[in-house]
Amino acid sequence: MGHALCIGIDHYTKPIKDLSCCINDAKQMAATLSRNADSTKNLHVKTLVSSPEEGKQLDTDTLRKEVRALFEKDSEVVVLYFSGHGKVDKLGNGFLVSQTGTKESPGLRMSDINQAIEQSKAKEIFLIIDCCYSGFTGSIEGGKEAKIAQIHERVSILTASTPDQLSWEGNNGLSTFT
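Residues numbered from 1 in each chain as written. Predicted model: local features only at pLDDT ≥ 70, side-chain atom pairs only at ≥ 80, totals over all residues. Heavy atoms only, no water.

Chemist: With reference to specific residues and values, describe helix α3 (residues 110-118).
Modeler: Of all nine residues in α3, seven are buried; the element is thus mostly enclosed. For α3, the complete set of buried residues consists of M110, S111, D112, I113, N114, A116 and I117. Considering only its buried residues, α3 is in contact with α2 (60-72), β3 (77-83), β5 (94-97), β6 (107-109), β7 (124-130) and β8 (155-159). (Buried < 20%, exposed > 50% of the residue type's maximum accessible area, 1.4 Å probe, protein only. Helix = DSSP H or I, 4+ residues; strand = E, 2+ residues; numbered from the N terminus. Contact = heavy atoms within 4.5 Å.)

This is the structure:
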């Protein structure tokens, strides 16, 4: 049996603009991944969604801990799904923006995900990243200038944008990607 982690962040600390579709996206993806077409059990899914309440926020440490825990599982398949803000810094490092992200410390580095994948025991790994600049997933640090991607064998990546593109929310309660 496989495992999935579905993360949706709508609520952000100011000045980062809140989003409106990411929680719905994560819940929809979790429902899709948890059952096969014949309604039999598929993946064990953990869903993390943002909350506007203080003390219940998905900070960078929480994201890092949960992503590492996912990739430490000795599973046939692991899936990481993220819907929220993405950012690239001046040095060309990509980030999944945490709920408490700031300009100086936006969130989980996409390179941290790559490091967790390198140590993963999973047989197959799928990354589904729905955020601006999600094409950075699989890139090495500073990959913006060099346009270098390092995709490991047994890893498949589906992104909503290229490394230099924005992604858009839909007007039906889900992102245009979902």
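So much for the structure itself; the text now carries on.
Chemist: Could you give me a rundown of the environment of C6, with the residues and numbers involved?
Modeler: One can find C6 in strand β1 (residues 3-8). By relative accessible area, which is 0% here, C6 ends up buried. Expressed as a C-alpha distance, the spacing of C6 and D25, which sit 19 residues apart in the sequence, is 8.8 Å. Among all residues touching C6, those that are not within four sequence positions of it are A26, M29, A30, L33, V45, K46, T47, L48 and Y81.

Chemist: Help me get a handle on the packing of α2 against α3, residues and values and all.
Modeler: If you want to describe how two helices pack, look at the angle between their axes and the distance between the axes. Their axes nearest at 9 Å, the elements α2 and α3 cross at an angle of 25°. As judged from the angle between their axes, α2 and α3 are roughly parallel. At the point where α2 passes α3, the crossing takes the right-handed sense. Between α2, through R64, V67 and F71, and α3, the contact on the second element is made entirely by D112, I113, A116 and I117. Considering only residue class, the contact of α2 with α3 consists of five nonpolar, no polar and two charged. (Axes fitted to C-alpha atoms, helices over the stretch in contact; angles between N-to-C directions. Parallel < 35°, antiparallel > 145°, perpendicular 65-115°, else oblique. Left-handed = near helix turned anticlockwise from the far one by under 90°. Nonpolar A, V, L, I, M, F, W, Y, C, P; charged D, E, K, R; others polar.)

Chemist: Tell me about the pattern of salt bridges, and please be specific about residues and values.
Modeler: Under the counting rule described, the total for this entry stands at seven salt bridges. In this structure, K56 and E53 form a salt bridge, with 3.5 Å as the shortest nitrogen-oxygen distance. Looking at E53, the relative accessible area reads 44%, which means it is partly exposed. Each of K46, K65 and E66 takes part in one network of salt bridges that share partners. (Salt bridge = Lys/Arg side-chain N within 4 Å of Asp/Glu carboxyl O.)

Chemist: Help me get a handle on the nonpolar core, residues and values and all.
Modeler: Grouped together as the largest cluster of nonpolar side chains are 31 residues, with contacts concentrated most on I7, F71, L80, L96, I113, I125 and L127. For this core, the secondary-structure elements that each account for two or more residues are β1, α2, β3, β5, α3 and β7. If we skip the residues at most four places from it in the chain, L127 touches F71, L80, I113, I117, T137, S156, I157 and L158. Counting residues in hydrophobic clusters, the runner-up holds ten residues, among them A4, V79, Y81 and I128. (Core = buried A, V, L, I, M, F, W, Y, C linked by side-chain atoms within 4.5 Å.)

Chemist: Go over the confidence of the model for the chain with me, naming the residues and quoting the values.
Modeler: When the pLDDT values of the chain are averaged, the result is 88; 91% of them are 70 or greater. Least confident of the elements in the chain is helix α4 (residues 143-146), whose mean pLDDT is 48; most confident is β1, at 98. (pLDDT = per-residue confidence, 0-100.)

Chemist: How would you summarise the environment of E76 if you had to cite specific residues and measurements?
Modeler: Counting through the fold element by element, E76 comes out in the loop between α2 and β3. Along the primary structure E76 and M1 are separated by 75 residues, whereas in three dimensions their C-alpha atoms are 6.4 Å apart. In this structure, E76 is in contact with M1, K123 and E124, ignoring residues within four places of it in sequence.

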